[in-house]
Amino acid sequence: MKKKILALSLVFLILISLPFIWMFSREYILTNPDNRYRAPRVSPDAHEIRIDDYYSVNSISASFSILQYDDGENHVEFSDTIDKLNWNNEYIIAASKTDKLAVYSNDYYLIINKDTRESKEYDSVKQFENALKEKNIDLKLKRKVEFDWY
């Protein structure tokens, strides 16, 4: 009887821990094995993703990541809850949380012209995807963990 209870308890414990193992492996092992994109001493809540000489995403906590432009004279912050992003020579695209403190809040989307610093926000994925097609932007949003961290 004790062996049966012990076996059921072990099975229950394994079933409970599987989602946590899956989340950890998806975020850190499968996406970025061996932390190969990260400089020493950076963490998910203290790092910078450098887009170019002027644009960057600075993460100051697990939920606050600021997309900003800084050329020494001008400083512009586009969003402080960047969740996903990508860029090319002309545009930066990003997804940002609508509620800064809610991990599972809805996203809104940004398209930023790198030359003019002009940004446009979109409330839905459909609007965002239509704007990408109109501007001939062939980019897909990627999670921050997929970029180099400094």
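Everything below is about the structure shown above.
My aim in this report is to walk through the structure given alongside it, one point at a time.

About the cut-offs
Residues numbered from 1 in each chain as written. Predicted model: local features only at pLDDT ≥ 70, side-chain atom pairs only at ≥ 80, totals over all residues. Heavy atoms only, no water. 1 Å grid on protein atoms, 1.4 Å probe; cavity = no way out; pocket = protein on both sides within 12 Å on 5 of 7 lines; lining within 4 Å. Points joined across faces, edges and corners; volume = space filled by probe spheres on them. Helix = DSSP H or I, 4+ residues; strand = E, 2+ residues; numbered from the N terminus. Nonpolar A, V, L, I, M, F, W, Y, C, P; charged D, E, K, R; others polar. Buried < 20%, exposed > 50% of the residue type's maximum accessible area, 1.4 Å probe, protein only. Pairing = 2+ DSSP bridges. Phe/Tyr/Trp six-rings, centres within 6.5 Å; stacked < 30°, edge-to-face > 60°. Lys NZ or Arg CZ within 6 Å of the ring centre and 35° of its normal. Core = buried A, V, L, I, M, F, W, Y, C linked by side-chain atoms within 4.5 Å. Contact = heavy atoms within 4.5 Å. Arc of directions from axis to C-beta. Polar contact = N/O pair within 3.5 Å; in protein donor to acceptor, adjacent residues only side chain to side chain.

In this section: the layout of surface pockets. Considered as a void within the structure, the second largest pocket measures approximately 220 Å³ in volume. In terms of lining residues, the second largest pocket is bounded by Tyr 109, Val 125, Phe 128, Glu 129, Leu 132, Lys 133, Ile 137, Asp 138, Leu 139, Lys 140 and Leu 141. It is helix α2 (residues 125-134) that provides the largest number of residues to the lining of the second largest pocket, a total of five residues. Residues belonging to the lining of the second largest pocket are distributed by class as follows: seven nonpolar, no polar and four charged.

A few words now on the pairing of strand β2 (residues 55-59). Among the five residues that make up β2, five are buried, leaving the element largely enclosed by the rest of the structure. Pairing of strand β1 (residues 47-50) with β2, which is carried by four bridges, proceeds in the antiparallel orientation. Within β2, the position partnered with Arg 50 by the bridge is Ser 56. Hairpin connection between β1 and β2: a loop of four residues separates the two successive antiparallel strands. As paired elements, β2 and strand β3 (residues 65-70) share five bridges and run antiparallel to each other. The residue bridging Ser 56 from the neighbouring strand is Gln 68, located in β3. Linking β2 back to β3 in an antiparallel pair, the connection comprises five residues.

Here the focus is the packing of aromatic side chains. All chains considered together, the criterion is met by six aromatic pairs. A network of ring pairs unites the aromatic residues Tyr 54, Tyr 55, Tyr 69 and Phe 78 as a single cluster. Across from the ring centre of Tyr 150, 4.0 Å away, lies the NZ or CZ of Arg 50, which sits over that ring.

With that settled, the discussion passes to the nonpolar core. It is characteristic of soluble globular proteins that their nonpolar side chains tend to be buried jointly. Ranked by internal contacts, the top residues of the largest apolar core, which has 17 residues, are Ile 51, Tyr 55, Val 57, Leu 67, Ile 82 and Leu 85. Elements that contribute at least two residues to this core include exactly β2, β3, β5 (82-87), β6 (91-97) and β7 (107-113). Per-element accounting of this core gives the leading share, three residues, to β7. In contact with Tyr 55, not counting residues within four places along its chain, are Arg 50, Gln 68, Tyr 69, Phe 78, Ile 92, Ile 112, Asn 113, Lys 114 and Arg 117.

Attention now moves to α2. Within α2, the full set of buried residues consists of Phe 128, Ala 131 and Leu 132. Around the axis of α2, the buried residues are gathered within 105° of arc, so they sit on the same side. In α2, the exposed positions that point more than 90 degrees away from the buried face belong to Lys 126, Lys 133 and Glu 134. Contacts made by the buried residues of α2 are with β6, β7 and β8 (119-122). Asn 136 sits one or two residues past α2 and shows a positive phi near 55°.

Here we come to the side chain of Ser 79. Mapped onto the fold, Ser 79 is located in strand β4 (residues 75-79). A relative accessible area of 5% means that Ser 79 is categorised as buried. A distance of 3.1 Å separates the side chain of Ser 79 from the side chain of Tyr 108, its partner in a polar contact. Ignoring anything within four residues of it in the chain, the contact list for Ser 79 reads Ser 65, Ile 66, Leu 67, Ser 96, Tyr 108 and Leu 110.

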